[in-house]
2 protein chains.
Amino acid sequence: MKVLLAALLFAAACCQAQPLPSWSDGEAKARIVTFVQAVTDEKSRDYVAAADRVAVFDNDGTLWAEQPVYFQLAFMAEQIKAAASSHPEWKDNKAFKAFMAPDKSELMKMSHKPLLALVGVANSGMTVEAYDKTIRDWLATARHPRFNRPYTDLVYKPMQELLAYLRANGFKTFIVSGGSVEFMRPWAEVAYGIPPEQIIGSQQEVKLETRDGKPVLVRGPKFAFVDDGPGKPVGIYRSIGKRPIAAFGNSDGDLQMLQVTMAGEGRRLALLVHHDDAEREYAYDRKSRVGRLDEAWDEAKARNWVVVSMKNDWTRVFAFEK
Amino acid sequence: MKVLLAALLFAAACCQAQPLPSWSDGEAKARIVTFVQAVTDEKSRDYVAAADRVAVFDNDGTLWAEQPVYFQLAFMAEQIKAAASSHPEWKDNKAFKAFMAPDKSELMKMSHKPLLALVGVANSGMTVEAYDKTIRDWLATARHPRFNRPYTDLVYKPMQELLAYLRANGFKTFIVSGGSVEFMRPWAEVAYGIPPEQIIGSQQEVKLETRDGKPVLVRGPKFAFVDDGPGKPVGIYRSIGKRPIAAFGNSDGDLQMLQVTMAGEGRRLALLVHHDDAEREYAYDRKSRVGRLDEAWDEAKARNWVVVSMKNDWTRVFAFEK
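About the criteria used
- Residues numbered from 1 in each chain as written.
- Chains lettered and ligands numbered in written order.
- Predicted model: local features only at pLDDT ≥ 70, side-chain atom pairs only at ≥ 80, totals over all residues.
- Heavy atoms only, no water.
- Axes fitted to C-alpha atoms, helices over the stretch in contact; angles between N-to-C directions.
- Helix = DSSP H or I, 4+ residues; strand = E, 2+ residues; numbered from the N terminus.
- Parallel < 35°, antiparallel > 145°, perpendicular 65-115°, else oblique.
- Contact = heavy atoms within 4.5 Å.
- Nonpolar A, V, L, I, M, F, W, Y, C, P; charged D, E, K, R; others polar.
- Least-squares fit on C-alpha atoms with pLDDT ≥ 70 in both.
- Pairing = 2+ DSSP bridges.
- Expected span 1.5 Å × (residues − 1).
- Buried < 20%, exposed > 50% of the residue type's maximum accessible area, 1.4 Å probe, protein only.
- Phe/Tyr/Trp six-rings, centres within 6.5 Å; stacked < 30°, edge-to-face > 60°.
- Salt bridge = Lys/Arg side-chain N within 4 Å of Asp/Glu carboxyl O.

With respect to the packing of helix 10 (residues 231–239) of chain A against helix 11 (residues 255–262) of chain A
Residues and elements named next belong to chain A. Contact pair helix 10 / helix 11: the axes reach a minimum separation of 7 Å and the direction vectors enclose 55 degrees. Viewed along their axes, helix 10 and helix 11 adopt a mutual orientation that is oblique. Side by side, helix 10 and helix 11 meet where Lys232, Pro233 and Ile236 of the first sit next to Gln256, Met257 and Val260 of the second. Looking at the contact of helix 10 with helix 11, its residues break down into four nonpolar, one polar and one charged.

Side note on the relation of the copies chain B and chain A
Between the two copies, chain B and chain A, the superposition gives an RMSD of 0.0 Å; the rotation angle is 180 degrees and the shift along the axis is 0.0 Å. Taken together, the rotation and translation relating the two chain copies correspond to the operation of a two-fold axis. Nearest to the rotation axis, the C-alpha of B:Ser239 is located 3.5 Å from it, this being the minimum over chain B. Of all interface residues in chain B, 98% are interface residues in chain A too; the two copies therefore contact each other through one and the same surface.

A closer look at the pairing of strand 3 (residues 199–211) of chain B
Residue and element names in this part refer to chain B. As paired elements, strand 2 (residues 172–180) and strand 3 share three bridges and run parallel to each other. Its bridge partner being in strand 3, Ser180 is matched across the sheet by Ser202. Note: strand 3 against strand 4 (residues 214–225), eight bridges, orientation antiparallel. Each bridged residue has a counterpart across the sheet, and for Lys207 the counterpart in strand 4 is Val218. Linkage of strand 3 to strand 4, two consecutive antiparallel strands, is achieved through a turn of two residues, within which Asp212 is found at a positive phi near 50 degrees.

Regarding helix 9 (residues 181–192) of chain B
Residue and element names in this part refer to chain B. Between its first and last C-alpha, helix 9 extends only 14 Å over 12 residues, short of the 16 Å set by a 1.5 Å rise per residue. In terms of burial, helix 9 is largely enclosed, as 10 of its 12 residues are buried. Within helix 9 the residues assigned to the buried category are Val181, Glu182, Phe183, Met184, Arg185, Pro186, Trp187, Ala188, Ala191 and Tyr192. Just past helix 9, the residue Gly193 takes up positive phi, approximately 75 degrees.

Points about the packing of aromatic side chains
Working definition: an aromatic ring pair is given by the centre-to-centre distance plus the angle between the planes. All names here are of chain B. Across all of its chains, the model carries 40 aromatic pairs over all chains by this definition. For the ring pair Phe71 and Tyr151, a centre distance of 4.5 Å and an interplane angle of 50 degrees mean the geometry is tilted. Of this pair, Phe71 sits in helix 3 (residues 71–83) while Tyr151 sits in the loop between helix 7 (128–141) and helix 8 (157–168), and the two are 80 residues apart along the sequence. Under the relative-accessibility criterion, Phe71 is labelled buried at 0%.

Re the pattern of salt bridges
Applying the stated criterion to the full structure yields 39 salt bridges over all chains. B:Lys242 serves as the salt-bridge partner of B:Asp52, at 3.9 Å between the closest nitrogen and oxygen. With B:Asp52 in the loop between helix 2 (27–40) and strand 1 (54–57) and B:Lys242 in the loop between helix 10 (231–239) and strand 5 (246–249), this pair connects stretches of sequence that are 190 residues apart. What makes B:Asp52 partly exposed here is its relative accessible area of 37%. B:Lys242 sits in the buried class, given a relative accessible area of 15%. Here B:Arg286 makes a salt bridge to B:Asp294, at a shortest N to O gap of 2.7 Å. What emerges from the salt-bridge pattern is a single network uniting A:Asp58, A:Lys232 and A:Asp254.

Comments concerning the environment of A:Leu255
With respect to the helices and strands, the residue A:Leu255 is situated in helix 11. Here the alpha-carbon distance between A:Leu255 and A:Lys311, two residues 56 residues apart in the chain, equals 22 Å.

A word on unusual backbone geometry
Residue and element names in this part refer to chain A. A cis amide bond, omega 0 degrees, links Gln67 with the succeeding residue Pro68. Structurally, the position occupied by Pro68 is in the loop between strand 1 (54–57) and helix 3 (71–83). For Asn304, which is not glycine, the phi torsion reads 60 degrees and is therefore positive. Using a relative accessible area of 52% as the deciding quantity, one classes Asn304 as exposed.

So, helix 8 (residues 157–168) of chain A
For an α-helix, the turn length of 3.6 residues means that residues three or four places apart are oriented alike. Residue and element names in this part refer to chain A. Along its 12 residues, helix 8 runs 17 Å from first to last C-alpha, staying within 8% of the 16 Å computed at 1.5 Å per residue. Within the span of helix 8, buried status applies to Pro158, Met159, Glu161, Leu162, Leu163, Tyr165, Leu166 and Ala168. Positive phi appears at Gly170, one or two residues downstream of helix 8, with a value of about 85 degrees.

What follows is the structure in structure tokens.
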């Protein structure tokens, strides 16, 4: 209890002093701070009780990088490679060939359905514990092709600060990602301060079986839930049961989550991260196959949502930058 | 922040003084307290970090009463009655007739499948907000047939104390119920201190639609997930992503949840509430159609799980008792 109190006092002290140090003093930061002050000030007409201060964050491209391909795809390619010898029938499978090609451009052009079908099979049959270990092992050794660092180094420092700032102001923070929950759970608590039970994502079916006399959960080949696009508000409803008052995304897959957040009563915040910094990170939007920002960008402009320019609004992108 | 600190200090002070006041000084209480002390004592070999102190509770028959029929069934009968005029095809439907009969004994004998199919249709088509309102309205006016009180008065005082005691010792408490999440969310935070996002339950499908130009979530007729029996460990895995270290139930529907909890490493606690108090509540077990306790009871005996006698271990059952 003492540790918890100390942590709370520290969090309160640290982040009221100078919130969001990696953010430039521009419009984006000002609008975030104004919003947080308004909903936490008991005298404000925009005041929101702490229990309803729910903030949801997309992961890929919002909290960490997603280029040149979604990091989970790189992991899944490994899984597919590892499973290939048990699946001779994949030989002529288009999705399999695209996954195995050194150049991932074909992969990014394919429709989701055959990819998910292959991914589902390759990521099934094992217990959830065995699968978790595979992910942890991969994360420990895999390196990002451009930055030559563990993928988990590619989290955005300004967003880590934003998460901590919101929590210091009584918010409960959730990830709502198109990626699989299993892929985020091993590292999100350290990287973002978000525990496994506050991560919403896509899920393959799991089933209770008995192996060696013990009850175990075994992964099935089908997706039970795809948490993307219109699936995101559904995932939020299922897992949180409250409409968020703040939503953070970066691509068209986040559009419905932001729309549903903003459709509620009272003061709300919608924010899009725009990747316009090829030097420190990547520059892409309307035409990208990964994290396309097109329709959601138009909506953000039409509705005056906050659009963050990584180049101008963030004084630093990654913690490892000098 | 000040309010939160005060609440934490109060919680710490109140519950360390005299834990579980509505529990008799018997074996059940002693084993709970010993377990909590062991996993929270940093010097103990059984110590568990706070982040892993996950405790899961069945709801019906474990946290509140479930006789003469699951309370949600009484609500659903109302929903079916209200929807009947739009469904002339139900006239000869067996499940419909069983729901409409004043005597619910036929209903309790039927298999789940046709009941769920009917319930699904009757509880669909509306937005999630409209459905939530129906539940709140029903809870505000419906009365338990024996106690003539709102159903939410039928929560067990000793279990409320147990939830608070666990939380004061750093546990995170979750409901894992065969009932629908929607039916618990409106009142569980007040009754148990468990917020909507820590309630796992059965779920009908919901879908994002546009109505009157606004994005809304609309309930579909099918069940997306049934959180009972072997479904409970699956629901826990999906929503929490950690194996609980303590599980509390009362019937065969909780067996797999308790088994999976106990199959982990380290010290764990499994507890069953045995309804043996016809005077203050109800007495039922192996032959009951509601909350049958048969296979799980044998397992509890074989594995030395804690079995609570409501009659002997609880000095009071409900808060409204004199």
